Amino acid sequence: MIGGSCFCGAIAFELSAPPVVMGTCHCSRCRKAGASTIVFVKRETFRWLRGEEFVARCEPEPPFKFARCFCRKCGTALGEPLSGEDAFPIAANCLDDDPVVRNAFHEFVSAKPAWYDICDGAKQFQEHPVK
Ligand SMILES: [Zn+2]
Ligand SMILES: [Zn+2]
């Protein structure tokens, strides 16, 4: 099991399998939300352990589509665990165990701030990854 939690401990979840992929987004929205590095998890591998009632949702302004989730008590960015999709991103910063996967790509490198240097060999995309 791969555990995850917010920093105050009110919210905890676990993954029954390693995430599908890890990626880092350098856009200002992910950066400000504190969720630049995310892991995509399959819904059937994700389970709440406690604190789902403390999850706050920040709804996006169009054209952005995805709500951001945070702990209502401590503000830890959680990614999108309330997503209705079959797979959704979880903020890697709230994982307590090694998720096995390593960063596979950087997206929105065009929006990366000058103070952040990319120090791994993962693929880089100026905007969304081109499949
Ligand atoms: Zn918390
Ligand atoms: Zn982003």
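Bear in mind that the values here come from a model prediction, so they are computed numbers and not experimental data. (Residues numbered from 1 in each chain as written. Chains lettered and ligands numbered in written order. Predicted model: local features only at pLDDT ≥ 70, side-chain atom pairs only at ≥ 80, totals over all residues. Heavy atoms only, no water.)

Engineer: How do you make sense of the sheet that holds strand β5 (residues 46–50) when you look at a structure like this?
Structural biologist: For sheets, the rule is that strands pair by backbone hydrogen bonds, running either parallel or antiparallel. Strand order in this open sheet of three strands is β1-β2-β5, and the pairing throughout is antiparallel. A strand with exactly one partner marks an edge of an open sheet, and here the two such strands are β1 (2–5) and β5. The sheet shows a mean angle of 25° between the axes of neighbouring strands, direction not considered. As defined by bridge partners, β1 adjoins strand β2 (residues 12–15) across four bridges and the pair is classed as antiparallel. Each bridged residue has a counterpart across the sheet, and for Ser-5 the counterpart in β2 is Ala-12. (Pairing = 2+ DSSP bridges. Helix = DSSP H or I, 4+ residues; strand = E, 2+ residues; numbered from the N terminus. Axes fitted to C-alpha atoms, helices over the stretch in contact; angles between N-to-C directions.)

Engineer: Any chance you could explain the coordination of the zinc ion (ligand 2) here in plain terms?
Structural biologist: Put simply, the ideal angle at a metal is 109.5 degrees for four donors in tetrahedral geometry and 90 or 180 degrees for six donors in octahedral geometry. Donor atoms from the polypeptide that bind the zinc ion (ligand 2) are Cys-25 (SG), Cys-27 (SG) and Cys-30 (SG), placed at 2.2 to 2.3 Å. Since its relative accessible area comes to 11%, Cys-30 is described here as buried. (Donors = N, O, S within 2.8 Å, 3.2 Å for Na, K, Ca; no water. Buried < 20%, exposed > 50% of the residue type's maximum accessible area, 1.4 Å probe, protein only.)

Engineer: What am I meant to see in the environment of Cys-94 here?
Structural biologist: Residue position: Cys-94 is located in the loop between β9 (87–91) and β10 (103–107). Judged by its relative accessible area of 1%, Cys-94 is buried. As for Cys-94 and Ile-11, which are separated by 83 residues in sequence, their C-alpha atoms are 9.9 Å apart. In this structure Cys-94 touches Gly-4, Ser-5, Phe-13, Thr-76, Ala-77 and Leu-78, once residues within four positions along its chain are discounted. (Contact = heavy atoms within 4.5 Å.)

Engineer: Whenever I open this one, the side chain of Arg-68 confuses me. Can you help?
Structural biologist: Note on placement: Arg-68 falls in strand β7 (residues 68–71). Summary of buried charges: Arg-68 has no salt-bridge partner, and the nearest side chain of opposite charge, Glu-80, is 4.8 Å away. Apart from the residues lying within four places of it in its own chain, the contact partners of Arg-68 are Arg-29, Cys-30, Ala-33, Ala-56, Arg-57, Cys-58 and Gly-79. (Lys, Arg positive; Asp, Glu negative; His and termini not counted. Salt bridge = Lys/Arg side-chain N within 4 Å of Asp/Glu carboxyl O.)

Engineer: Please clarify how the coordination of the zinc ion (ligand 1) should be interpreted in this entry.
Structural biologist: For the zinc ion (ligand 1), the full set of protein donor atoms is Cys-6 (SG), Cys-8 (SG), Cys-71 (SG) and Cys-74 (SG), and the range of their distances to it is 2.3 to 2.4 Å. Sequence positions of the donors to the zinc ion (ligand 1) reduce to the motif C-x1-C-x62-C-x2-C. Of the two residues, Cys-8 is situated in the loop between β1 and β2 and Cys-71 in strand β7; the sequence distance between them amounts to 63 residues. Owing to a relative accessible area of 3%, Cys-71 belongs among the buried residues under this scheme.

Engineer: How should the pattern of salt bridges be read in this particular structure?
Structural biologist: A side chain with one charge may pair with a side chain of the opposite charge, provided their charged atoms come close. On inspection of all chains with the given rule, the structure shows three salt bridges. For the salt bridge of Glu-14 with Arg-47, the shortest nitrogen-to-oxygen distance reads 2.7 Å. Remark: Arg-47 occurs in strand β5 and Glu-14 occurs in strand β2; sequence separation between them is 33 residues. Given a relative accessible area of 13%, Glu-14 falls into the buried group. Taking the relative accessible area as the measure of exposure, Arg-47 reaches 48% and is therefore partly exposed. The salt bridge involving Arg-57 is made with Glu-59; its shortest N-O contact spans 2.7 Å.

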